[in-house]
Amino acid sequence: MSVSDRLDVRKTYKLYIGGAFPRSESGRTYEAFDAKGTFLANVARASRKDARDAVSAARKAFAGWSGATPYNRGQVLYRVAEMLEGRREQFIAEVMAGEGLRRSGAGDVVDRAIDRWVWYAGWADKIAQVHGSANAVAGPYFDFSLPEPTGIVATIAPQESSLFGLVSVLAPVIVTGNTAVVVTSYSRPLPAMTLAEVLATSDVPGGVVNVLTGDSTEVGPWLASHMDVNGIDLAGVSDPDLATALEEAAADNLKRVLRPGLPAWDVADPGIHRMTPFLETKTVWHPIGV
Amino acid sequence: MSTSVAGVDDVTASEPSLRRFLAGLPGVDQVGAEARAATLATRSIKTTAKQQALDTAISMIDLTTLEGQDTPGKVRALSAKAMRPDPTDSSCPSAAAVCVYPDLVSAAASTVAGSGVLVASVATAFPSGRAALDVKLADTRDAIEAGADEIDMVIDRGAFLTGRYSQVHDEIVTIKAACGRPGREPAHLKVILETGELATYDNVRRASWLAMLAGADFIKTSTGKISPAATLPVALVMLEAVRDFRLATGRMVGVKPAGGIRSAKDAIRHLVVVNEVAGPEWLSSRWFRFGASSLLNDLLLQRTRMLTGRYSGPDYVTLD
């Protein structure tokens, strides 16, 4: 039997919500094409109700994930990097197709993405030392300020860089204990769904990361106005009017907002600037002695 | 189903006649009942109909707390919530009642006095019902004296399952007699069948008829302490029973599913079944109630979502 006699095993792309892979509640899909315009796959087109479900899944997962020890979170995220490495070839193929890169270029992108994930994983048990402090106060107290996760962060992922960009905005959000709802690149959604498969088969609890493929102009406003979302990252919003509208909607419950492009994620050393916006500072006063 | 009750007195006159009547009730088609409930559950209720359904459901809630850790403070807080479920919106209807243990009735009654919200109390050795009749009667009288407007009694499931129907019947009649309040109409009696322990839909139908024949004002699915509690097919079977009972006797009896109804969507599905099976007359808090605690929060979140056009979250409702 020659190769061409085999039937294609076509993949059904779905959403990733609460550790499961449901179809969109709306039943809608859209077509994703490669850089040359050839059909790649039918992808689920998330609706506002999928966004709602993703937010409740993220809320359910928040207590467990934020309550895990930083060391444990770091180990879990490092495990994700191991799994990413195992799927290297698949990611390279998807990045080549989606972003129109040659094999070597796509290999570089995937390497950078995995390295960045490992780099952020290492921050899990270090961010408190760097961003927290022991405060000198005018009284007999040990006084500490500690960073704690904000809660649920909704992220509009970068549209062009479908894997490296996604990793660069997602990892800093969850490493500190937040849970995330991500809207992927609209035209290049496949690496994000493969990342979701990696997350589902690593030790990341269901609901910590929820991945929605679809149109951020449709889903974004619902996430921005959602009263149970605590922060929103507009990294992938290119239309300034939409960015402003989302920021205004986000103001109703005082969400923490990252505007498009700032702080830069596409740099060799992103520093802690993408982690700190989604942290709250808790200060503890502890009486000394007796 | 067409059942004609020649005379309630004839049926309940003796153990054999009661048994003959209950055994003669047509069996429930299990597959049919579940399929019918599942079909009705797919009804789409949107926009203004949904708004109306949410408000109706809120007004039907018996806001319940039945925990060993209940305190008068918690009951007062819950009563305040029943009177004004959404403190930011005066157009939000109040709940039908608060449902508590007998020793906490006075705390609830003093809080809701004059507001139109009723006080329901479980009684008769809730939730197991395993106590002597004297104890059950004392339990009931305590609740009535403390100011309960409604009594939620449990039936003796052991007696029912062993076929001692008269014993169950007579117990309900006795408790009903204890619900009298001097100078006022008697407290409403809700009879809890605990359908999760009755094993079959046939038994649910028989227990429903037995309770109604004994004078129940409401039949209630569950204590909430046993799983499964209220399910849609069970509610459907009980609604058929109250419909048929009215056709046979002319008396209307209410239905109260309790336990396990946590989402607004579930509640709306129940309302659809009420409307389709029993009829629109049952769509009021006089004839249909939800025994629930967390359901109210979800209804309020949905209501807020309809009114503001954005999703709300658990930070904006009380922790009960």
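These figures come from a predicted structure and were not determined experimentally.

Caption draft 1: Quick look at the overall build of chain B. Along chain B, the regular secondary structure elements total 13 helices and eight strands. Taking 2.2 N^0.38 as the reference for a compact globule, 320 residues should give roughly 20 Å; the C-alpha atoms of chain B span a radius of gyration of 19 Å, in line with that estimate. Across its three principal axes, chain B shows a C-alpha extent of roughly 60 × 45 × 35 Å. The burial tally for chain B puts 55% of its 320 residues in the buried class. By sequence separation, contacts in chain B at least 24 residues apart represent 75% of the contacts at least 6 residues apart. Accessible surface, chain B as shown: approximately 12,900 Å² in total, 52% of it carbon and sulfur. Averaging the locations of the 35 positively and 35 negatively charged side chains of chain B gives two centres separated by 4 Å.

Caption draft 2: Molecular detail of helix H10 (residues 201-213) of chain B. Residue and element names in this part refer to chain B. Counted at 1.5 Å a residue, the expected span for H10 with its 13 residues is 18 Å, and the 18 Å between its end C-alpha atoms agrees. Taking burial as the measure, the 13 residues of H10 include 12 buried ones, the bulk of the element. For H10, the full list of buried residues reads Tyr201, Asn203, Val204, Arg205, Arg206, Ala207, Ser208, Trp209, Leu210, Ala211, Met212 and Leu213.

Caption draft 3: Molecular detail of a nonpolar patch on the surface. Residues and elements named next belong to chain A. Where nonpolar side chains cluster on the molecular surface, the patch consists of Phe142, Phe144, Leu146, Val284 and Ile288 and spans about 400 Å² of accessible area. Ranked by residue count, the leading element in the nonpolar patch is strand S4 (residues 141-149), at three residues. Inspection of the secondary structure puts Phe144 in strand S4. With a relative accessible area of 36%, Phe144 lands in the partly exposed category.

Caption draft 4: Structural context of the interface of chain B and chain A. Listed by partner, the interface residues are 10 residues for chain B and 11 residues for chain A. Taken over both partners, the interface formed by chain B and chain A buries close to 1,000 Å², and the fraction arising from carbon and sulfur atoms is 51%. For chain B, the biggest contributors to the area lost against chain A are Arg310(B), Tyr311(B) and Tyr316(B); these three give 62% of the whole. The interface formed by chain B and chain A includes one salt bridge.

Caption draft 5: Summary view of the nonpolar core. Ranked by internal contacts, the top residues of the largest apolar core, which has 98 residues, are Ile151(B), Ile172(B), Val191(B), Leu239(B), Phe290(B) and Leu299(B). Formed by 59 residues, the second largest nonpolar core is a distinct cluster that contains Tyr30(A), Val110(A), Val153(A) and Leu279(A).

Caption draft 6: Focus on the sheet that holds strand S9 (residues 256-258) of chain A. All names here are of chain A. Strand order across the open sheet formed by five strands is S7-S6-S5-S8-S9, with parallel pairing between neighbours. Of all the strands in the sheet, the pair left with one neighbour each is strand S7 (209-212) and S9. When the angles between neighbouring strand axes are averaged without regard to direction, this sheet yields 15°. Here strand S8 (residues 231-233) runs beside S9; their pairing, made up of three bridges, is parallel. Each bridged residue has a counterpart across the sheet, and for Gly231 the counterpart in S9 is Arg256. Those strands touched by helix H1 (residues 48-67) are strand S5 (152-156), strand S6 (179-183) and S7, and its axis lies near 155° from that of S6. Contacting S5, S6, S7 and S8, helix H8 (residues 216-225) runs over the sheet at an angle of about 150° to S6.

Caption draft 7: The pattern of salt bridges, seen in detail. Residues and elements named next belong to chain B. Considering all chains together, one arrives at 44 salt bridges over all chains under this definition. Residue Arg289 is joined to Asp62 by a salt bridge in which the shortest nitrogen-to-oxygen separation is 2.9 Å. Linking Arg289 in the loop between helix H12 (264-278) and strand S8 (290-292) with Asp62 in strand S1 (residues 61-64), this pair joins segments that are 227 residues apart in sequence. Take Arg289 and Asp62: they sit in the same class, and that class is buried. In this structure, the salt-bridge partner of Lys220 is Asp152, at a minimum N-O distance of 2.7 Å. A residue pair is termed long-range when its members are at least 10 positions apart, and Lys220 in strand S6 (residues 218-220) and Asp152 in strand S4 (residues 150-154) qualify at 68 residues. Accessibility classification places Lys220 together with Asp152 in one group, the buried group. What you see here is one network of salt bridges that share partners, running through Asp62, Glu150, Asp152, Lys190, Lys220, Lys256 and Arg289.

Caption draft 8: Broad picture of the side chain of Asn210(A). Residues and elements named next belong to chain A. Topologically, Asn210 is positioned in strand S7. A distance of 2.9 Å separates a polar side-chain atom of Asn210 from the backbone oxygen of Gly207. Once residues lying within four places of it in the same chain are set aside, the contact partners of Asn210 are Tyr16, Ile17, Gly18, Ala54, Ala57, Ala58, Ala180, Val181 and Val182.

Caption draft 9: Focus on the packing of aromatic side chains. Here the structure, examined in full by the defined rule, presents 14 aromatic pairs over all chains. Seen from their ring centres, Phe142(A) and Phe144(A) are 6.5 Å apart, and the 25° between their planes marks the pair as stacked. Residue Phe142(A) is classed as partly exposed on the basis of its relative accessible area of 47%. With a centroid separation of 5.3 Å and an interplanar angle of 90°, the aromatic rings of Phe288(B) and Phe290(B) are classed as edge-to-face.

Caption draft 10: View of the packing of H8(A) against helix H9 (residues 240-250) of chain A. All names here are of chain A. Remark: H8 packs on H9, axes separated minimally by 7 Å, with the N-to-C direction vectors making an angle of 25°. As the angle between them shows, H8 and H9 are arranged roughly parallel. For the element pair H8 and H9, the recorded crossing hand is right-handed. Along the contact surface, H8 presents Thr217, Gly220, Pro221, Ala224 and Ser225, while H9 presents Leu242, Leu246, Ala249 and Ala250. Of the residues belonging to the contact of H8 with H9, the class tally is six nonpolar, three polar and no charged.

Caption draft 11: Region of the structure containing the packing of helix H11 (residues 232-249) of chain B against H12(B). Residue and element names in this part refer to chain B. The interhelical angle for the contact between H11 and H12, taken along N-to-C directions, is 30°, at an axis separation of 9 Å. Considering their axes alone, H11 and H12 lie roughly parallel with respect to each other. Here H11 runs over H12; the crossing is right-handed. Contact with H11, carried on its side by Leu232, Ala235, Leu236, Leu239, Glu240 and Arg243, involves Arg269, His270, Val273, Val274, Val277 and Ala278 of H12 and no other residues of that element. Of the residues in the contact of H11 with H12, the class split is eight nonpolar, one polar and three charged.

Caption draft 12: Main features of the sheet that holds S4(A). Residues and elements named next belong to chain A. The strand order across the open sheet built from three strands is S3-S4-S10, with neighbouring strands paired in antiparallel fashion. Only two strands of the sheet have a single partner each, and these edge strands are strand S3 (133-134) and strand S10 (279-287). The pairing of S3 with S4 spans two bridges and is antiparallel. Following the sheet pairing, Ala134 is matched in S4 by Phe144.

Caption draft 13: Structural view of helix H4 (residues 47-59) of chain B. All names here are of chain B. The end-to-end C-alpha distance of H4 is 19 Å, a good match for the 18 Å that 13 residues give at a rise of 1.5 Å each. For H4, every residue scored as buried is listed here: Lys50, Ala53, Leu54, Thr56, Ala57 and Ile58. Against S1, H12, S8 and helix H13 (294-308) lie the buried residues of H4.

What counts, and at which threshold
The residue count restarts for each chain, going from 1 along the sequence in the order it is written. Key to labels: chains lettered from A, ligands numbered from 1, both in the order written. Reporting of local features is limited, given that this is a predicted model, to residues whose pLDDT is at least 70; pairs of side-chain atoms are given and counted only at 80 or more, and all residues count toward the totals for whole chains, interfaces and linings. Just so you know, side-chain values use all the structure's heavy atoms and leave hydrogens and water out. Starting at the N terminus, helices and strands are each numbered in turn, a helix being any DSSP run of H or I of at least four residues and a strand any DSSP run of E of at least two. Restricting the calculation to C-alpha atoms gives the radius of gyration, and the globule rule supplies 2.2 Å times the number of residues raised to the power 0.38. To sort residues, take the accessible area from a 1.4 Å probe on protein chains only and compare it with the maximum for the residue type: under 20% means buried, over 50% means exposed, and anything in between is partly exposed. Contacts between residues were defined by any pair of non-hydrogen atoms, one from each residue, lying within 4.5 Å. Only the protein chains shown count as covering a residue, and every accessible area follows the Shrake-Rupley method with a 1.4 Å probe. By the counting scheme adopted, Arg and Lys are positive, Glu and Asp are negative, and His together with the chain ends is not counted. By convention, the charge on Lys lies at NZ, on Arg at CZ, on Asp at CG and on Glu at CD. Take the number of residues in a helix, subtract one, and multiply by 1.5 Å to get its expected span. Patch construction takes residues with relative accessible area above 30% that form no salt bridge. Like charges are linked within 9 Å, and nonpolar side chains (Val, Leu, Ile, Met, Phe, Trp, Tyr) are linked within 5 Å. Definition used for salt bridges: Asp or Glu carboxyl oxygen within 4 Å of a side-chain nitrogen of Lys or Arg. Buried area: the accessible surface (1.4 Å probe) lost by two parts on joining, summed over both. Only buried residues count toward a nonpolar core. Its members are Ala, Val, Leu, Ile, Met, Phe, Trp, Tyr and Cys residues joined through side-chain atoms within 4.5 Å. At least two DSSP bridges between two strands are needed for those strands to be called paired. Note on definitions: angles span 0 to 180 degrees between N-to-C directions of axes, and those axes are lines fitted to C-alpha atoms, for helices only across the stretch in contact. In protein, a polar contact means a hydrogen-donor-capable atom and an acceptor-capable atom, both N or O and within 3.5 Å, with residues adjacent in sequence counting only if both atoms are side-chain atoms; elsewhere, any N or O pair within 3.5 Å suffices. Stacked, edge-to-face and tilted labels apply to pairs of Phe, Tyr and Trp rings (six-membered ring for Trp) whose centres lie within 6.5 Å, assigned for plane angles under 30 degrees, over 60, and everything in between, in that order. Roughly parallel covers angles under 35 degrees, roughly antiparallel covers those over 145, roughly perpendicular covers 65 to 115, and oblique covers all other angles. Helix crossings fall into two classes, left-handed where the near helix is turned counterclockwise from the far one by less than a right angle and right-handed where it is turned clockwise. For this scheme, ten residues count as nonpolar: Ala, Val, Leu, Ile, Met, Phe, Trp, Tyr, Cys and Pro. Four count as charged, namely Asp, Glu, Lys and Arg, and the remainder, Gly too, count as polar.

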